Amino acid sequence: MAEDDFRRWERELEPDVPDERPSEGRGLVLVAGLTATACAAVIALGDVPLGTAGLVLSSIILLLWRIGM
C-alpha cells in the first residue's frame, strides 16, 4: 500500500523520527560488486565485448536506481 502524503510531510517536520524503511545501501553495493566481478570474469575469459557491454549496462542501471528512476 502506498504511503500517504501526510506521513511524508510529518517526517519532514520531525527530523528525529526514524525512517521506517531499512537502508538499501548495502544491497546496492552488493549488486554493484557482484555485477562488476561477473563482467570482469567474462572479460578474463576472453569475451571482451560482452563483458564491456555488461559493465556499461549495469553501470547505467545502478546509476538510474541510485537517483531513483
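Residues numbered from 1 in each chain as written. Predicted model: local features only at pLDDT ≥ 70, side-chain atom pairs only at ≥ 80, totals over all residues. Heavy atoms only, no water.

## Thoughts on the overall build of the chain
Inference 1: A tally of helices and strands in the chain yields three helices and zero strands.
Inference 2: In the chain, the succession of helices and strands from N to C terminus is α-α-α.
Inference 3: Within the chain, the proportion of its 69 residues that are buried is 9%.
Inference 4: Total accessible area on the chain stands at roughly 5900 Å², and carbon and sulfur atoms take up 66% of it. (Helix = DSSP H or I, 4+ residues; strand = E, 2+ residues; numbered from the N terminus. Buried < 20%, exposed > 50% of the residue type's maximum accessible area, 1.4 Å probe, protein only. Areas by Shrake-Rupley, 256 points an atom, 1.4 Å probe, with all protein chains shown as cover.)

## Some details on helix H3 (residues 48-67)
Inference 1: Here H3 spans 29 Å end to end across 20 residues, near enough to the 28 Å set by a 1.5 Å rise per residue.
Inference 2: Restricting attention to buried positions, one finds in H3 the residues Gly51, Ser58 and Leu62. Buried residues of H3, viewed axially, fall in a sector of 35°; they line one side. Among the exposed residues of H3, those oriented more than 90 degrees off its buried face are Pro49, Leu57, Leu63 and Ile67.
Inference 3: Positive phi shows up at Gly68, right after H3, with a value of about 95°. (Expected span 1.5 Å × (residues − 1). Arc of directions from axis to C-beta.)

## Some details on the UniProt feature "transmembrane region" (unreviewed entry) in the chain
Inference 1: The sites that carry the UniProt feature "transmembrane region" (unreviewed entry) are, in the present numbering, residues 27-45 and 51-68.
Inference 2: In residues 51-68, the share of helix is 94% and the share of strand is 0%. The end C-alpha atoms are 26 Å apart. (UniProt positions renumbered as here; feature names shortened; annotations may be inferred.)

## Some details on a nonpolar patch on the surface
Inference 1: A surface patch of nonpolar side chains, about 460 Å² in accessible area, is lined by Val56, Ile60, Leu63, Leu64 and Ile67.
Inference 2: Position of Leu63 relative to the elements: it lies in helix H3.
Inference 3: Judged by relative accessible area, Leu63 falls into the exposed class, the value being 54%. (Patch = residues over 30% accessible without salt bridge, like charges linked within 9 Å, V, L, I, M, F, W, Y side chains within 5 Å. Salt bridge = Lys/Arg side-chain N within 4 Å of Asp/Glu carboxyl O.)

## Here we look at the side chain of Ser58
Inference 1: Positionally, Ser58 belongs in helix H3.
Inference 2: From its side chain, Ser58 meets the backbone oxygen of Leu55 in a polar contact 3.1 Å long. (Polar contact = N/O pair within 3.5 Å; in protein donor to acceptor, adjacent residues only side chain to side chain.)

## A look at the confidence of the model for the chain
Inference 1: The predicted model of the chain has a mean per-residue pLDDT of 78, with 64% of residues at 70 or higher.
Inference 2: Between the elements of the chain, mean pLDDT differs from a low of 67, seen in helix H1 (residues 5-13), to a high of 87, seen in H3. (pLDDT = per-residue confidence, 0-100.)

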